[in-house]
Amino acid sequence: MNFTGTIERIFRKYLPSPFAIAVLLTLLTIVLALGFTENTSNQNHLVVILAYWENGIWNNGLLVFAYQMMLILVLGHVLVLSKPLERVILWLTRYVTNSANAALWVALPTMLISFFNWGLGLIFGAILARKVGEHAQKNGIPINYPLIGACGYVGLMVWHGGISGSAPIKVSEAGHLKSLMENLSNSHILASLPNTLSTSQTVFSSWNLIIFVAVFVTVSLVALRLGRITKPTNLDLPVYRFLTVSDKKPKGAERLDHSKGLSITFGTLILIAFTFQYLPLFKTLNITPNMLNFFMLGLALILHGSFRSFLHAVESAIGDTAGILIQFPLYFGIMGVMASSGMIHGISNFFVSISNEITFPIFTFFSAGLVNVFVPSGGGQWAVQGPLVIESALRLNVPLPKAIMALAYGDQVTNMLQPFWALPLLGITKLKAKEILPYTLIFMLAGSGIYVSGLLIFA
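Our subject in this report is the structure included herewith. Because the structure is a prediction, the values reported are computed rather than measured.

1. A short note on the packing of helix α8 (residues 145-153) against helix α23 (residues 433-457)
Where α8 contacts α23, the axes come no closer than 8 Å and their chain directions differ by 50°. When the axes of α8 and α23 are compared, the pair comes out oblique. Along this stretch, α8 crosses α23, giving a crossing that reads as right-handed. Packed against α8, whose contacting residues are Pro-146, Leu-147, Gly-149, Ala-150, Cys-151 and Tyr-153, the element α23 presents Glu-435, Ile-436, Tyr-439, Thr-440 and Phe-443 at the interface. Here the contact of α8 with α23 is built from residues that sort into eight nonpolar, two polar and one charged.

Here it is as structure tokens:
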């Protein structure tokens, strides 16, 4: 426990805010580009590098990507705030009788839902943990509440290998890989890139599903064991209120916003359009960001039952996207400098020199885990590290799906060490980072062993 307390103090003292980190990484990238790349134009080298940076910031394809990731988080949060999901959470809490099954009962659904959508899983796990705590407090059930909070966060350890994972669902879009690598001067690399990598090759591949099940079972058993051996903690929790909408009787055109029939009809229309539009992709297990968001939009309108409730939930959820909104363009600028200046090729040469077909996915896993501590955004990390991984994998003849999932595994597992995405959970549960870190670190070690073993076994 003292070890995790030390980690939290180090984070608080030496780790700046995510936005400050993005700015510092931007400045570092520009300095490195000036010092270690050649100027092949007649213009001033700094002017050229800054042009690369500005072009990267406003890369249209990547800006679309940022908006897609924001919608995944917002719509996932909106779904949790619907009445049916509220009833599911309250139903689950009824089966809590002790600290062990409380930990298991929170970890299991949180991981399953996070595999579908990370935004949904993050908020679902947070509210479920809070409601389990309230249930235990009300019924005099002794539980270790920080452990329960950690179990509500454990979905962030499986999300990137799931359906809403930034890297696997983005490479499933036609042309994304070539768009990401378009600034490379190596025409051979560009020519060898596939137009798309279906999620049937990544998320829904047999080996990824086996790894997910192994992590799912192992983490659940660890949570159960921790619930049995840890001491109960004191509870003093007020009742957490779900989304509340004014019951004031609507007048005039306001009735449209409160109309249950109109909201359900429009949501159903979206799901019908979704079925016809995406059925061919669904049959081939190829999930794209637009496909996922379109489905969640229709489902959210149906579950909320009115535009007023839906929009109120959107207002509550939108604040969580602030960091993504402002940080993504900075990471796109970093990617623009690295790709256009040739830095990607130089770093790729280093990885190729120390790796082979077997060890490269392991190096990618650990490097992605380290990068995630400083760049706590799967989408931002993919924009910066993705091109390095792709070029190196092609040169070492490592299958692209495996290289991409190695990055995804490394990115997600160190969320248990980096508490940035735990902020919504900490706010809902009223816990502190230092209270959940002892348990999330244990989950991280257990998961890391499985991910590394899986990458070696399925070489």
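That was the structure; now back to the text.
2. Thoughts on the environment of Trp-421
Along the chain, Trp-421 turns up in the loop between α21 (400-413) and α22 (423-429). Given a relative accessible area of 10%, Trp-421 falls into the buried group. Put simply, Trp-421 and Val-384 are 37 residues apart on the chain and 19 Å apart in space, counted from C-alpha to C-alpha.

3. Some details on the side chain of Asn-144
Mapping Asn-144 onto the fold places it in the loop between α7 (118-139) and α8. A polar contact is formed between the side chain of Asn-144 and the backbone oxygen of Lys-231, at a distance of 2.8 Å.

4. Side note on the packing of aromatic side chains
Scanning all chains against the criterion turns up 14 aromatic pairs. Taken together, a centroid distance of 4.3 Å and an interplanar angle of 35° make the contact between Phe-115 and Phe-212 tilted. A residue pair is termed long-range when its members are at least 10 positions apart, and Phe-115 in helix α6 (residues 99-116) and Phe-212 in helix α12 (residues 206-229) qualify at 97 residues. For the pair shown, Phe-115 and Phe-212 are each scored as buried. Plain terms: the ring middles of Tyr-278 and Phe-294 are 6.4 Å apart, the flat faces sit at 65° to each other, and that makes the pair edge-to-face. Placement of the pair is Tyr-278 in helix α14 (residues 260-283) and Phe-294 in helix α15 (residues 289-304), with a sequence separation of 16 residues. Taken together through their ring pairs, the aromatic side chains of Phe-116, Phe-274, Tyr-278, Phe-294 and Phe-295 make up a single cluster.

5. With respect to α7
A rise of 1.5 Å per residue sets the reference length of α7, with its 22 residues, at 32 Å; its end C-alpha atoms lie 31 Å apart and thus fit the reference within 8%. Within α7, 19 of the 22 residues are buried, leaving the element largely enclosed by the surrounding structure. The backbone nitrogen of Gly-119 has a side-chain oxygen 3.0 Å away, supplied by the residue at the start of α7, namely Asn-117. Positive phi appears at Gly-140, one or two residues downstream of α7, with a value of about 65°.

6. Some details on the environment of Ala-191
Examined against the element boundaries, Ala-191 turns out to sit in helix α11 (residues 187-192). The spatial distance from the C-alpha of Ala-191 to the C-alpha of Phe-374 is 33 Å, given a sequence separation of 183 residues.

7. A word on the pattern of salt bridges
In this structure the tally under the stated criterion is five salt bridges. For Glu-134, the salt bridge identified is with Arg-130, shortest N-O distance 3.0 Å. Of the two residues, Glu-134 and Arg-130 are both situated in helix α7; the distance of four residues between them amounts to about one turn of the helix. With a relative accessible area of 11%, Glu-134 lands in the buried category. Several salt bridges share partner residues, and in doing so they unite Arg-130, Lys-131 and Glu-134 into one network.

8. Topic: unusual backbone geometry
Even without being glycine, Asn-397 reaches a positive phi, approximately 60°. Along the chain, Asn-397 turns up in the loop between α20 (378-396) and α21. Exposure remark for Asn-397: the relative accessible area of 60% places this residue in the exposed category. For Lys-430, which is not a glycine, the phi torsion comes out positive at approximately 65°. Position of Lys-430 relative to the elements: it lies in the loop between α22 and α23. Look at Lys-430 and you get exposed, because its relative accessible area is 58%.

9. A short note on a nonpolar patch on the surface
A contiguous nonpolar patch, built from Phe-19, Val-23, Leu-24, Leu-27 and Ile-326 and spanning about 440 Å² of accessible area, is present on the exposed surface. Ranked by the residues each element gives to the nonpolar patch, the list is headed by helix α2 (residues 18-36), at four residues. Considering the arrangement of structural elements, one finds Val-23 in helix α2. On the basis of relative accessibility, which here comes to 31%, the residue Val-23 falls in the partly exposed class.

Criteria and cut-off values
Numbering of residues starts from 1 in every chain and runs along the sequence as written. Only residues with pLDDT of at least 70 are given local features in this predicted model, and only at 80 or more are side-chain atom pairs given and counted; all residues enter the totals for whole chains, interfaces and linings. Hydrogens are left out, water is left out, and the side-chain values use all remaining heavy atoms of the structure. Interaxial angles span 0 to 180 degrees and are taken between N-to-C directions of axes, which are lines fitted to C-alpha atoms, for helices over the stretch in contact. Secondary structure follows DSSP: runs of H or I at least 4 residues long count as helices, runs of E at least 2 residues long count as strands, and numbering of each begins at the N terminus. The cut-offs work like this: below 35 degrees is roughly parallel, past 145 is roughly antiparallel, 65 to 115 is roughly perpendicular, and the gaps in between are oblique. What makes a crossing left-handed is the near helix being turned counterclockwise from the far one by less than a right angle; a clockwise turn instead makes it right-handed. Between two residues, a contact is recorded if the distance between any of their heavy atoms is within 4.5 Å. In this classification, Asp, Glu, Lys and Arg are treated as charged, Ala, Val, Leu, Ile, Met, Phe, Trp, Tyr, Cys and Pro as nonpolar, and every other residue, Gly included, as polar. Only protein chains enter the calculation, and the probe is 1.4 Å; a residue is then buried if its accessible area is under 20% of its type maximum, exposed if over 50%, and partly exposed in between. Whenever a nitrogen or oxygen atom comes within 3.5 Å of another N or O atom, the pair is scored as a polar contact, on the condition that within protein one atom can donate a hydrogen and the other can accept it, and that pairs from neighbouring residues in sequence are kept only if both atoms are in side chains. Centre distance within 6.5 Å is the pairing criterion for rings of Phe, Tyr and Trp, where only the six-membered ring of Trp is used; planes under 30 degrees apart are then read as stacked, over 60 as edge-to-face, and the remainder as tilted. Take the residue count of a helix, subtract one, and multiply by 1.5 Å to get its expected span. Counted as salt bridges are all cases of a side-chain nitrogen of Lys or Arg within 4 Å of a carboxyl oxygen of Asp or Glu. Patch criteria: residues need more than 30% relative accessible area and no salt bridge. Like-charged residues are merged within 9 Å; nonpolar side chains of Val, Leu, Ile, Met, Phe, Trp and Tyr are merged within 5 Å. Using a 1.4 Å probe, the Shrake-Rupley method yields the accessible areas, and only the shown protein chains count as cover for residues.

Coordinates in, geometry out; function isn't part of it.
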